[in-house]
Amino acid sequence: MLFIVAALLLLGFVLGTVAHAPLTFSVATGVVIAVWLGIFAVRERHGRRRHTQAH
């Protein structure tokens, strides 16, 4: 429960910061995060595929 409260507080802080940031900065940051998550997803999928073939 405490984790959920902390996550919501952090989300509120981030959304409040984005509301005051310039639009170009917000879009650029969103693109960077999306690329990072995409790379992470590809690496995870590749790692799991290799791990399951070994067993």
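Now for a look at the structure at hand. This one's a predicted model, so the numbers in the text were calculated from it and none came from an experiment.

Moving on, we get to the overall build of the chain. Counting its secondary structure elements, the chain contains two helices and zero strands. Within the chain, the fraction of its 55 residues that count as buried is 2%. Of the roughly 5400 Å² of accessible surface on the chain, a fraction of 76% belongs to carbon and sulfur atoms.

What follows deals with a nonpolar patch on the surface. Judged by side-chain polarity, Met1, Leu2, Phe3, Ile4, Val5, Leu8, Leu9, Leu11 and Leu15 come together as a nonpolar surface patch covering roughly 1100 Å² of accessible area. By the secondary structure assignment, Met1 is in the segment before helix H1 (2–20).

Parameters at a glance
Residues numbered from 1 in each chain as written. Predicted model: local features only at pLDDT ≥ 70, side-chain atom pairs only at ≥ 80, totals over all residues. Heavy atoms only, no water. Helix = DSSP H or I, 4+ residues; strand = E, 2+ residues; numbered from the N terminus. Buried < 20%, exposed > 50% of the residue type's maximum accessible area, 1.4 Å probe, protein only. Areas by Shrake-Rupley, 256 points an atom, 1.4 Å probe, with all protein chains shown as cover. Patch = residues over 30% accessible without salt bridge, like charges linked within 9 Å, V, L, I, M, F, W, Y side chains within 5 Å. Salt bridge = Lys/Arg side-chain N within 4 Å of Asp/Glu carboxyl O.

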